[in-house]
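Structural characterization, general
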Amino acid sequence: MLEGMCPLKDRESAPLGRATATFRLYAELNDFLAPERRYQSFEHAFDGTPSVKDRIESLGVPHTEVDLVLVDGRAVDFGHRLRGGERVAVYPVFEAFDVGDVSRLRPQPLREPRFILDVHLGRLVGYLRALGFDCLYANDFSDEYIIRTAQDEHRIILTRDTGLLKDGRVTHGRYVHATDPLQQLREVVDRFQLAGLFEPFSRCMRCNGELRSIDGAALADSVEPSEVPPGVLERFGAFVRCSGCGRVYWRGSHYDRLRQRFRSVGIDI
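Below is a short write-up of the structure. (Residues numbered from 1 in each chain as written. Predicted model: local features only at pLDDT ≥ 70, side-chain atom pairs only at ≥ 80, totals over all residues. Heavy atoms only, no water.)

Some details on helix 5 (residues 181–191)
Along helix 5, eight of the eleven residues are buried, which leaves the element largely enclosed by surrounding structure. Turning to helix 5, its buried residues number three or more, namely Pro181, Leu182, Gln184, Leu185, Glu187, Val188, Val189 and Arg191. Lining the buried residues of helix 5 we find strand 7 (115–117), helix 2 (122–130), strand 9 (156–159), strand 10 (173–175) and helix 8 (253–263). For helix 5, the N-terminal capping position is held by Asp180, with its side-chain oxygen 3.1 Å away from the main-chain nitrogen of Leu182. Just downstream of helix 5 lies Gln193, where phi reads positive at about 50°. (Buried < 20%, exposed > 50% of the residue type's maximum accessible area, 1.4 Å probe, protein only. Helix = DSSP H or I, 4+ residues; strand = E, 2+ residues; numbered from the N terminus. Contact = heavy atoms within 4.5 Å. Polar contact = N/O pair within 3.5 Å; in protein donor to acceptor, adjacent residues only side chain to side chain.)

Here's the deal with the environment of Gly126
Topologically, Gly126 is positioned in helix 2. For the pair Gly126 and Cys207, spaced 81 residues apart in sequence, the C-alpha to C-alpha distance is 9.0 Å.

Re the pattern of salt bridges
According to the stated counting rule, one finds 14 salt bridges in the structure shown. Taking the shortest distance from any N to any O, the salt bridge between Asp47 and Arg18 comes out at 3.1 Å. With Asp47 in the loop between strand 3 (41–46) and helix 1 (52–58) and Arg18 in the loop between strand 1 (8–10) and strand 2 (19–25), this residue pair connects regions lying 29 residues apart in the sequence. Judged by relative accessible area, which is 53%, Asp47 ranks as exposed. Among the salt bridges present, the one from Lys53 reaches Glu57, with a minimum N-O distance of 3.5 Å. Of this pair, Lys53 and Glu57 both sit in helix 1, separated by four residues, roughly a single helical turn. Judged by its relative accessible area of 22%, Lys53 is partly exposed. In this structure Glu57 comes out as buried when scored by relative accessible area, which is 11%. (Salt bridge = Lys/Arg side-chain N within 4 Å of Asp/Glu carboxyl O.)

Okay, structure coming up:
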């Protein structure tokens, strides 16, 4: 049984003529709140009859982070209008337990998870590509470009900008809480249940192109010395080349170091 609301702990008087509703946010959604409102009930004042989505985002929470809203114990959609006096419980995406027949607000997961990342996540994109995920990234992507591309190509937006996720056109997105790139990777893998979908070293970490096997002898005839150091062709038997930028990869010390980094956050490939 989901709990609709905890006892009221933080009560503020609404300005004359304004209505109030009692809000309680759960789990990681509290990270978006001011410290004095976290992990407790509080009153929120508003004018008119705003949608519950409007009020949740006014508190700093992107709608993409919300999976369930209960108003007076009843599940509602984002368009539900508040009139004052309600008790509103807001829950994040559920991963660890079954909510039964309750109406969840998140759209169905995308069948093939593909991502587009904003400027704040340049290190994360390389790690996701190393695990085989199709990821678009450039440090000059505008918010508008990210949103339109996510719509057109059915991509999940990963960002550290809550404002980007509040755009009503965004259906699949995630605010990445961690600041360390490896912890960001662990967070995204857990949130989207990616562990069973790894295809390690099938994509170029630099440009996102697909990696294709290439024979060492054929590589010797076409590779520049700057691409493959002397002696590598003799010491390694398996090579792949990016179909996009032409970069050559082999399982040398760089491969071992990357695997060790992944193991440090519980990702084994």
